[in-house]
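Chain by chain, the residues:
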Amino acid sequence: MIPVSEPLVTAREIELVTDCLKSGWISSAGKYLDQFESGWASYCNMPYGIAVSNGTTALQIAVRLLDLKPGDEVIMPTFTIISCAQAITYCGGVPVLIDSDPHNWQMDVSQIESKITPRTRAIMVVHIYGHPADMDPIMEIAQRHGLIVIEDAAETHGAEYKGKKCGGLGDISIFSFYANKLVTTGEGGMVLTKRGDLAERARSLRNLCFQKKQRFLHNELGYNFRLTNIQAALGVAQLERIEQIVERKRAIAHTYSERLKDVAGIELPVEEPWAKNVYWVYGIIIKERTGMNASEFALQLAQKGIETRPFFLGMHQQPAFKKMGFFKRESYPVAEKLFRQGLYIPGGLTLTDEQIYQVSRAVRGILK
Ligand SMILES: Cc1ncc(COP(=O)(O)O)c(C=O)c1O
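All values derive from a computational prediction rather than experimental measurement.

J.: Explain the sheet that holds strand β7 (residues 164–165) residue by residue, including any values.
T.: With antiparallel pairing, the three strands of this open sheet are ordered in space as β7-β6-β11. Strands with a single pairing partner mark the edges of an open sheet, and in this sheet they are β7 and β11 (275–276). As judged from the two bridges shared by strand β6 (residues 160–161) and β11, these two strands associate in the antiparallel manner. Each bridged residue has a counterpart across the sheet, and for Glu160 the counterpart in β11 is Lys276.

Put into structure tokens, the structure is as follows:
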């Protein structure tokens, strides 16, 4: 099987993790944590970084920072991972959904303004599959309506919007460092923010809201969402070669695009003129006129020894939220089509050029 993604661990990661283990600083303090937080924040051009246990917990902290009142609304795309919407509902908020742009698969910014109500507190932008969302209009709408912008840049390490890094544009941003991400710490995440007060609160929430002066006196309820120094050592090693990682991901995508561009039955991922796409995954859409949907196509690739993953199922189609009374009778046709017809093919950092050619031949062969 050609795997959809495999992490690339080099001698440098082993060296730094070994050094960390030998130092005895194996829990949630140590030099690698400091280096990873400050290194990642400065890479994204943000002043404050707070490392956490994963991207899902990073989102929980980001939404806690909004101090939502029950029924407050946060606008977000329906086409994303459940971590985004559940972070809002855990805080008593209501996710208000937006459909996707059919061309670049990002949140359709033209639909945002009509969804703003007196209860709207924030916009959660999610950059999808390595490509940035169209941030300028989003920031402009947020400013005009006094809304906070949370950027979920879990999938867009190193991606750029008009020359600026994703995760460096909103008020608060989050990242995931799961094994399939461009930079991985095994499990891990980060909250970045422009505001010192929010950074301090995020640090406190991450660590059970212990206090400096009187440790076991708690003024609010936090979480244990800490990252270990061992995981951060992995992150520091990977951050050292992030430019190489981004270049390889782009090269994989360009090779696929070159080999698949004349295949009539599929749509390929785009790169808008204002974007630098890092192609976290290489997603393709099987055109409906082929008579095939994504799961049928995936089955045929699996029979040829090629692993794939389906696209996201929209938040409005999740039984867990329906049971809670959310999104009744809501429909978002673009996201529904992306789910039905979209999948991603192998694109991890261990993929060889020969494997890319093999996958491309298989895709062409099915659609011949
Ligand atoms: C857009 C997005 N946000 C958040 C997450 C959650 O990250 P984690 O898996 O580290 O909890 C992911 C995971 O892939 C994601 O794709």
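J.: Mind laying out the packing of helix α2 (residues 31–43) against helix α7 (residues 229–240), listing which residues take part and the relevant values?
T.: Two elements in contact, α2 and α7, have axes separated by 8 Å at closest approach and are oriented at 40°. Taken together, the axes of α2 and α7 lie oblique to each other. Classified by chirality, the crossing of α7 by α2 is left-handed. On the side of α2, the interface is formed by Lys31, Tyr32, Leu33, Gln35, Phe36, Gly39, Trp40 and Tyr43, while α7 contributes Asn229, Ala232, Ala233, Gly235, Val236 and Leu239. Its residues assigned to classes, the contact of α2 with α7 comprises nine nonpolar, four polar and one charged.

J.: Explain the site of the ligand residue by residue, including any values.
T.: Around the ligand sit 13 residues, and of these Thr56, Asp152, Glu155, Ser176 and Lys181 come closest. Measuring from a nitrogen atom of the ligand, one finds a side-chain N or O atom of Asp152 at 2.6 Å. A total of three residues in the shell around the ligand trace back to one element, the largest contributor, which is helix α3 (residues 55–64). Of the residues assigned to the shell around the ligand, the class counts are four nonpolar, six polar and three charged.

J.: Describe in detail the packing of aromatic side chains, supporting the description with residues and values.
T.: Scanning the model with the defined rule gives 24 aromatic pairs in all. Taken together, a centroid distance of 6.2 Å and an interplanar angle of 50° make the contact between Phe36 and Trp40 tilted. Residue Phe36 and its partner Trp40 are located together in helix α2, separated by four residues, close to a single helical turn. For the pair shown, Phe36 and Trp40 are each scored as buried. On the basis of an interplanar angle of 75° and a centroid distance of 6.2 Å, the ring pair of Phe321 and Phe326 is categorised as edge-to-face. Pairwise contacts between aromatic rings join Phe79, Trp105, Tyr129, Trp280, Phe311, Phe312 and Tyr344 into one cluster. The lysine or arginine in question, Arg215, covers the ring of Phe210, its NZ or CZ lying 3.8 Å from the ring centre. Stacked on the ring of Tyr357, the Lys or Arg Arg259 has its end atom at 3.9 Å from the ring centre.

J.: Quick rundown of the nonpolar core? Include the residues and the values.
T.: Note on soluble globular proteins: their nonpolar side chains tend to be buried together. Counting 85 residues, the largest nonpolar core has Trp40, Ile61, Val63, Met124 and Tyr129 as its most contacted members. In this structure Met124 touches Leu59, Val63, Val74, Ile75, Met76, Pro77, Cys84, Ile88, Met107 and Ile150, once residues within four positions along its chain are discounted. If you look at the next biggest cluster of nonpolar residues, it comprises 27 residues, including Leu268, Ile286, Leu301 and Val363.

J.: Account for the pattern of salt bridges, naming residues and giving values.
T.: What the rule picks out here adds up to 24 salt bridges. Glu37 is the salt-bridge partner of Arg206, the closest N and O atoms lying 2.9 Å from each other. Here Glu37 lies in helix α2 and Arg206 lies in helix α6 (residues 196–206), a separation of 169 residues in the sequence. Residues Arg206 and Glu37 agree in their burial class; the two are buried.

J.: Describe the sheet that holds strand β13 (residues 309–310), and please don't skip the residues or the numbers.
T.: Sheet architecture is open: four strands sit in the order β10-β12-β14-β13, paired in antiparallel fashion. The strands lining the two open edges of the sheet, one partner per strand, are β10 (266–267) and β13. Relative to strand β14 (residues 342–345), strand β12 (residues 282–286) is paired through four bridges, and the arrangement is antiparallel. Residue pairing in the sheet places Ile285 in a bridge with Gly342 of β14.

Parameters and conventions
Residues numbered from 1 in each chain as written. Predicted model: local features only at pLDDT ≥ 70, side-chain atom pairs only at ≥ 80, totals over all residues. Heavy atoms only, no water. Pairing = 2+ DSSP bridges. Helix = DSSP H or I, 4+ residues; strand = E, 2+ residues; numbered from the N terminus. Axes fitted to C-alpha atoms, helices over the stretch in contact; angles between N-to-C directions. Parallel < 35°, antiparallel > 145°, perpendicular 65-115°, else oblique. Left-handed = near helix turned anticlockwise from the far one by under 90°. Contact = heavy atoms within 4.5 Å. Nonpolar A, V, L, I, M, F, W, Y, C, P; charged D, E, K, R; others polar. Near = heavy atom within 4 Å. Polar contact = N/O pair within 3.5 Å; in protein donor to acceptor, adjacent residues only side chain to side chain. Phe/Tyr/Trp six-rings, centres within 6.5 Å; stacked < 30°, edge-to-face > 60°. Buried < 20%, exposed > 50% of the residue type's maximum accessible area, 1.4 Å probe, protein only. Lys NZ or Arg CZ within 6 Å of the ring centre and 35° of its normal. Core = buried A, V, L, I, M, F, W, Y, C linked by side-chain atoms within 4.5 Å. Salt bridge = Lys/Arg side-chain N within 4 Å of Asp/Glu carboxyl O.

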